[in-house]
Amino acid sequence: MMIVGLYVRRFADADMGMLEGASLNAPYAFHWVTDVRVEGQSIVCKGAGKPMRLPFRGTARGDRAVVTVTDPIFGPIKFDVHPFKRSDS
């Protein structure tokens, strides 16, 4: 799978969220979140097809959320989520 697009500053401009530092070789249930929409100070999205709501905060470098993914060896791991906009091409 190939994802083409750009990181954006705000989740309001994003359609997915990328997990900072998540290894694509790791056996996580998901490596990014999709179907991102903003509701108040949370993003409503999906990880591995399951709906979730993640609170986010604005920083000087743009919006950030945090998600916890369970690794079968190391247990729960937290990742920062960055707003990302897929390109149409």
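Relevant structure appears above.
Residues numbered from 1 in each chain as written. Predicted model: local features only at pLDDT ≥ 70, side-chain atom pairs only at ≥ 80, totals over all residues. Heavy atoms only, no water.

### Topic: unusual backbone geometry
A positive phi angle, close to 55°, is found at Asp35, a residue other than glycine. When you line up the elements, Asp35 lands in strand 3 (residues 32-39). Positive phi outside glycine occurs at Ala48, with the angle close to 55°. Position of Ala48 among the secondary structure elements: in the loop between strand 4 (42-47) and strand 5 (50-59). We classify Ala48 as partly exposed; its relative accessible area is 48%. (Helix = DSSP H or I, 4+ residues; strand = E, 2+ residues; numbered from the N terminus. Buried < 20%, exposed > 50% of the residue type's maximum accessible area, 1.4 Å probe, protein only.)

### As for the pattern of salt bridges
For the structure shown, the criterion picks out 5 salt bridges. A salt bridge links Asp35 to Lys46, with the shortest nitrogen-to-oxygen separation between them at 3.8 Å. You can see Asp35 sitting in strand 3 and its partner Lys46 sitting in strand 4, a full 11 residues away along the chain. Taking relative accessible area as the criterion, Lys46 reaches 35% and is therefore assigned partly exposed. Residue Glu39 is joined to Arg37 by a salt bridge in which the shortest nitrogen-to-oxygen separation is 2.9 Å. (Salt bridge = Lys/Arg side-chain N within 4 Å of Asp/Glu carboxyl O.)

### A look at the packing of aromatic side chains
The tally for this structure, following the rule as stated, stands at 3 aromatic pairs. With a centroid separation of 5.5 Å and an interplanar angle of 65°, the aromatic rings of Phe11 and Phe56 are classed as edge-to-face. Taken together, the positions of Phe11 in the loop between strand 1 (5-7) and strand 2 (16-19) and Phe56 in strand 5 put the pair 45 residues apart, joining distant regions of the chain. The burial state of Phe11 is the same as that of Phe56; both residues are buried. (Phe/Tyr/Trp six-rings, centres within 6.5 Å; stacked < 30°, edge-to-face > 60°.)

### A word on the pairing of strand 4
Across the 6 residues of strand 4, 5 count as buried, placing the element largely inside the fold. With 4 bridges joining them, strand 3 and strand 4 adopt antiparallel strand pairing. When the sheet's bridge partners are listed, Glu39 is paired in strand 4 with Ser42. Hairpin connection, strand 3 to strand 4: the antiparallel pair is bridged by 2 residues, and Gly40 has positive phi, about 65°. Two elements, strand 4 and strand 5, share 6 bridges in a ladder whose sense is antiparallel. Across the sheet, Gly47 pairs through a bridge with Lys50, a residue of strand 5. Here strand 4 folds back onto strand 5, and the loop between the two strands holds 2 residues, one of which, Ala48, carries a positive phi near 55°. (Pairing = 2+ DSSP bridges.)

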